[in-house]
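Observations on chain architecture
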Amino acid sequence: MPAKVIDGNEVSALIRKEIGGRVEQMRRHGIVPGLAVIVIGNNAASAVYVRNKIRACEDVGIRSFRFDFGESASPEDVLSVIEELNNRQDVHGILVQLPLPPKFSIGSILRTISADKDVDGFHLYNVGGLVVGDTVFPPCTPYGVVKLLEHENITIEGKNVVVVGASNIVGKPIALMLMQRDATVCICHAKTRDLAQFTILADILVVAAGKPNLILPQMVKTGAVVIDVGINRLANGKLVGDVDFNGVKEKASYITPVPGGVGPMTVTMLLENTISSAERAIKQKSSV
Ligand code: GUN
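Residues numbered from 1 in each chain as written. Predicted model: local features only at pLDDT ≥ 70, side-chain atom pairs only at ≥ 80, totals over all residues. Heavy atoms only, no water.

1. Considerations on the layout of surface pockets
Within this model, the largest pocket holds a volume of roughly 1400 Å³. Lining the largest pocket are 47 residues, with Tyr 49, Thr 141, Ile 231, Gly 263 and Thr 266 sitting closest to its centre. Going through the elements one at a time, helix H1 (8-28), helix H2 (44-60), helix H6 (140-151), strand S9 (232-233) and helix H10 (263-286) are the ones with two or more residues in the lining of the largest pocket. (1 Å grid on protein atoms, 1.4 Å probe; cavity = no way out; pocket = protein on both sides within 12 Å on 5 of 7 lines; lining within 4 Å. Points joined across faces, edges and corners; volume = space filled by probe spheres on them. Helix = DSSP H or I, 4+ residues; strand = E, 2+ residues; numbered from the N terminus.)

As structure tokens, this is what we get:
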């Protein structure tokens, strides 16, 4: 039997509706949750992602503040805006869209964002929280993957999870988050020899490598859950993931499509982290 195709748009819409309710509740008490988005340079893909994030904020009632810097801006100027935002009461989340132009240090920018407004979950404090299982803001894409698994009632505990791709944004954090949920986790990467010997053991296979058709049906165990985080634009303009969707669909029990799988969840989890941050700020204020 072919796999159930997990509809990320549908799950996303359900979660956004719930977030909309929480925003409304907050607005009734006179507080508007706010997200600051900082864009540096002119990366075309970043422009699309940022537009989507800002539109999603509008849709659920989160106020957004956008700051654009040209490539010639000085790192000090960006850092001073971040410091200002760290102290603003009407800003509950701050994100700097990546990648950055080469002269900017990702490390120093991400470390300057206050850990309790770091809704991307990229600050070292929040990354460390993943290791000890005490995360304030889980990074958005891995968080979205966990939410999809939970929505489908897929058991994580005791499962063999194989993650393909060891990036700081997806591969490493998803491995930690699933390990925290008592899965047995293996991470494969560009230097892994004979990828298939690992992927074939996976009950849950998460692929975030950025290579179309990296995962073929013969590399997948019958009945596996396959989560495709890849986004690749082919020469013919078609958007595809890292998995041979049509082939693997015949073997897996669940599979996410590209587009329409993990993608919409990333922005949704950004909204979730922002509203959670605003709720936390209010709680802290009222307990003082
Ligand atoms: N660039 C690619 N993915 C992301 C993300 O999740 N957050 C930010 N800030 N930049 C990105």
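Okay, back to it.
2. Digging into the site of the ligand
The environment of the ligand is made up of Lys 53, Leu 95, Val 96, Gln 97, Leu 98, Asp 120 and Phe 122. The separation between a nitrogen atom of the ligand and a polar main-chain atom of Val 96 is 2.8 Å. The separation between a nitrogen atom of the ligand and a polar main-chain atom of Leu 98 is 3.0 Å. Because more than half of its atoms lie within 2 Å of the grid, the ligand is assigned to the largest pocket. Of the residues in the shell around the ligand, the class split is four nonpolar, one polar and two charged. (Near = heavy atom within 4 Å. Polar contact = N/O pair within 3.5 Å; in protein donor to acceptor, adjacent residues only side chain to side chain. Sits in = over half its atoms within 2 Å of the grid points. Nonpolar A, V, L, I, M, F, W, Y, C, P; charged D, E, K, R; others polar.)

3. What about the packing of aromatic side chains?
Enumeration over the complete set of coordinates arrives at zero aromatic pairs. Its end group placed over the ring of Phe 65, Arg 88 keeps NZ or CZ at 4.7 Å from the ring centre. Sitting over the ring of Phe 137, Arg 280 keeps its end group 5.0 Å from the ring centre. (Phe/Tyr/Trp six-rings, centres within 6.5 Å; stacked < 30°, edge-to-face > 60°. Lys NZ or Arg CZ within 6 Å of the ring centre and 35° of its normal.)

4. Thoughts on the pattern of salt bridges
Taken as a whole, this structure holds nine salt bridges when the rule is applied. Here Glu 152 ties to Lys 4 by a salt bridge, and the two come within 2.7 Å at their closest N and O atoms. Linking Glu 152 in the loop between H6 and strand S5 (160-164) with Lys 4 in strand S1 (residues 4-5), this pair joins segments that are 148 residues apart in sequence. You can call Glu 152 buried: its relative accessible area is 11%. Accessibility expressed as a relative area gives 43% for Lys 4, which makes it partly exposed. Across the pair Arg 22 and Glu 279 runs a salt bridge, and its minimum N-O distance is 2.9 Å. Remark: Glu 279 occurs in helix H10 and Arg 22 occurs in helix H1; sequence separation between them is 257 residues. Judged by its relative accessible area of 19%, Arg 22 falls in the buried class. Glu 279 gets classed as partly exposed once you look at its relative accessible area, which sits at 28%. (Salt bridge = Lys/Arg side-chain N within 4 Å of Asp/Glu carboxyl O. Buried < 20%, exposed > 50% of the residue type's maximum accessible area, 1.4 Å probe, protein only.)

5. Digging into the sheet that holds strand S8 (residues 225-228)
One open sheet accounts for six strands, arranged S1-S11-S8-S7-S5-S6; its pairing is parallel. The open sheet has two edge strands, S1 and strand S6 (184-188), and neither has a second partner. The pairing of S5 with S6 spans five bridges and is parallel. Along S6, the bridge assignment pairs Asn 160 with Thr 184. (Pairing = 2+ DSSP bridges.)

6. Examining the side chain of Glu 272
Its place among the elements puts Glu 272 in helix H10. Filtering out sequence-adjacent residues up to four positions away, Glu 272 remains in contact with Glu 18, Ile 19, Arg 22 and Tyr 143. (Contact = heavy atoms within 4.5 Å.)

7. As for the packing of H6 against H10
Where H6 contacts H10, the axes come no closer than 8 Å and their chain directions differ by 100°. Considering their axes alone, H6 and H10 lie roughly perpendicular with respect to each other. Contacts between H6 and H10 involve Cys 140, Thr 141, Tyr 143, Gly 144, Lys 147 and Leu 148 on the former and, on the latter, Met 265, Thr 266, Met 269, Leu 270, Glu 272 and Asn 273. Residues belonging to the contact of H6 with H10 are distributed by class as follows: six nonpolar, four polar and two charged. (Axes fitted to C-alpha atoms, helices over the stretch in contact; angles between N-to-C directions. Parallel < 35°, antiparallel > 145°, perpendicular 65-115°, else oblique.)

8. What to know about helix H3 (residues 75-86)
An ideal rise of 1.5 Å per residue puts 16 Å on 12 residues; H3 measures up with 17 Å between its terminal C-alpha atoms. Those residues of H3 that sit buried are Val 78, Val 81, Ile 82, Leu 85 and Asn 86. Down the axis, H3 shows its buried residues gathered within 145° of arc, on one side only. Away from its buried face, by an angle of more than 90 degrees, H3 presents the exposed residues Glu 76 and Glu 84. In this fold, the buried residues of H3 make contact with strand S2 (34-40), strand S3 (63-69), strand S4 (93-96) and helix H4 (106-112). (Expected span 1.5 Å × (residues − 1). Arc of directions from axis to C-beta.)

9. Here's the deal with the side chain of Thr 112
Turning to its location among the elements, Thr 112 is positioned in helix H4. In contact with Thr 112, other than residues within four places in its own chain, are Leu 79, Ile 82, Glu 83 and Asn 86.

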